[in-house]
Amino acid sequence: LTIVVFYLLIRIAVQTERQMRGLIGALILLTLFQAGNGILQHWTGVGLGGTTAVMEGVSEDSLDDFEEPAGIARIRGTGFFGDPNDLAMALLLVFPFLFTWLLDADSGALKRLLAVVFLAVLTYAVFLTHSRGGFLGLAALSAAYVYRRFGRTVAVLVAVAALVALLAAPGRGREVSSSEASAQGR
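Residue positions within a chain follow its written sequence, with the count starting from 1. Selection of residues for local features in this predicted model requires a pLDDT of at least 70, selection of side-chain atom pairs for listing and counting requires 80 or more, and totals for whole chains, interfaces and linings are taken over all residues. Side-chain measures were taken over the full set of non-hydrogen atoms in the model, leaving aside hydrogen atoms and water.

Undergrad: Before we move on, can you summarise the overall build of the chain with the specific residues and values?
TA: Broken down by element type, the chain carries seven helices and two strands. In the chain, the succession of α and β elements from N to C terminus is α-α-β-β-α-α-α-α-α. By residue count, 30% of the 186 residues in the chain fall in the buried class. Contact definition: two residues touch when any of their heavy atoms are within 4.5 Å. Taking contacts inside the chain between residues at least 6 apart in sequence as the whole, the part at least 24 apart equals 56%. Only the protein chains shown count as cover for residues, and the accessible areas themselves come from Shrake-Rupley with a 1.4 Å probe. Surface summary for the chain: the accessible area is close to 11800 Å², and the carbon and sulfur share equals 67%. Helix numbers and strand numbers start at the N terminus; a helix is a DSSP run of H or I with at least 4 residues, a strand a run of E with at least 2. Any residue under 20% of the maximum accessible area for its type is buried, any over 50% is exposed, and the rest in between are partly exposed; the area is computed with a 1.4 Å probe on protein chains only.

Undergrad: Please give an account of the layout of surface pockets that cites residues and values.
TA: Empty space within the largest pocket amounts to approximately 680 Å³. Lining the largest pocket are 16 residues; nearest its centre among them are L27, F80, F81, A90 and L93. Using a 1 Å grid laid over the protein atoms alone, points where a 1.4 Å probe fits but cannot get out form a cavity; open sets with protein on both sides within 12 Å along at least 5 of 7 lines form a pocket; any residue with an atom within 4 Å of a point counts as lining. Grid points are joined across faces, edges and corners, and a volume is the space filled by probe spheres set on the points.

Undergrad: Pulling in residues and values, what's your account of unusual backbone geometry?
TA: The backbone of H130 sits at a positive phi, close to 55°, despite the residue not being glycine. One can find H130 in the loop between α5 (109-129) and α6 (132-150). By relative accessible area, which is 24% here, H130 ends up partly exposed.

Undergrad: Lay out the nonpolar core in plain terms, naming residues and giving numbers.
TA: Nonpolar side chains tend toward joint burial in soluble globular proteins. Grouping buried Ala, Val, Leu, Ile, Met, Phe, Trp, Tyr and Cys residues that are joined through side-chain atoms within 4.5 Å yields what is termed a nonpolar core. Residues I28, L91, F95, L98 and L122 are the most contacted members of the largest nonpolar core, which totals 24 residues. Elements with a contribution of two residues or more to this core: α2 (17-44), α3 (84-92), α4 (95-103), α5 and α6. The biggest single contributor to this core is α5, with seven residues. Setting aside anything within four residues of it in sequence, one finds F95 in contact with L119, L122, T123, L138 and L141.

Undergrad: An account of helix α7 (residues 152-168) is needed here, citing residue identities and associated values.
TA: Multiplying 1.5 Å by the residue count of a helix minus one yields the expected span of that helix. Taking 1.5 Å of rise per residue, the 17 residues of α7 would be expected to cover 24 Å, and the 24 Å separating its terminal C-alpha atoms lies within 8% of that figure. Buried-residue contacts for α7 involve α6.

Undergrad: Please give an account of α2 that cites residues and values.
TA: Taking 1.5 Å per residue as the helical rise, α2 with its 28 residues ought to reach 40 Å, and the 40 Å between its terminal C-alpha atoms agrees with that figure. Taken as a whole, α2 has its buried residues at I24, I28, T31, L32, Q34, A35, N37, G38, I39 and Q41. G45 lies just past α2 and shows a positive phi near 95°.

Undergrad: Could you give an account of the packing of α3 against α6, naming the residues involved and the relevant values?
TA: Lines are fitted to the C-alpha atoms to define the axes, a helix being fitted only along its stretch in contact, and any angle between axes, read from their N-to-C directions, falls within 0 to 180 degrees. Between α3 and α6, the least distance of the axes is 8 Å, while the angle of their chain directions is 15°. As the angle between them shows, α3 and α6 are arranged roughly parallel. Of the two possible hands of crossing, α3 and α6 adopt the one that is right-handed. Counting all contacts with α3, which are made through A88, M89 and L92, the residues of α6 involved are G133, G134, G137, L138 and L141. For this scheme, ten residues count as nonpolar: Ala, Val, Leu, Ile, Met, Phe, Trp, Tyr, Cys and Pro. Four count as charged, namely Asp, Glu, Lys and Arg, and the remainder, Gly too, count as polar. Residues belonging to the contact of α3 with α6 are distributed by class as follows: five nonpolar, three polar and no charged. Small angles under 35 degrees read as roughly parallel and large ones over 145 as roughly antiparallel, with 65 to 115 read as roughly perpendicular and the rest as oblique. It is the rotation of the near helix from the far one that decides the hand of a crossing: anticlockwise by less than a right angle makes it left-handed, clockwise makes it right-handed.

Undergrad: Describe the pattern of salt bridges, and please don't skip the residues or the numbers.
TA: Salt bridges are identified by distance alone: a Lys or Arg side-chain nitrogen within 4 Å of an Asp or Glu carboxyl oxygen. According to the stated counting rule, one finds one salt bridge in the structure shown. A salt bridge links R21 to E17, with the shortest nitrogen-to-oxygen separation between them at 3.4 Å. You can see R21 and its partner E17 sitting in helix α2, four residues apart, about one turn around the helix. Judged by relative accessible area, which is 59%, E17 ranks as exposed.

Here is the structure:
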């Protein structure tokens, strides 16, 4: 019900193409803020608001004062994006807009350059979440836009490359199980 109410509020508020472009721009900037917060969290250990990465695979034995914890640090966002999987999905929200900026024939050079930079930052942040669902979402979005622009053959190659990258990834990438708690979300 909450999503329906938010949709209706946005639908009532956004009446013109200019307002829609403003809404999309605001979504991109806010998403970049969340990505930047996660990247800051990864490199400094603490993000804005005191958020820290979720450590997975850390044993009690590795938590003494002299050792770095041996595990995977998964960045997370602030607020209701506190779960790395939720942050990854939120970051993916603006990829279609940026892919359109990049692949649209009417886009200028500046818009394409911004799209490349923003996509690089967001892709890096999705990688730092170590979210398999986020990676699969990114692969699906990429394949769909590559298919739209370059055709089936290139899209299949992108999908196969994404699958190989997922299987070759260190850590969580190879641990896909249907009995896991987050498996239904993927």
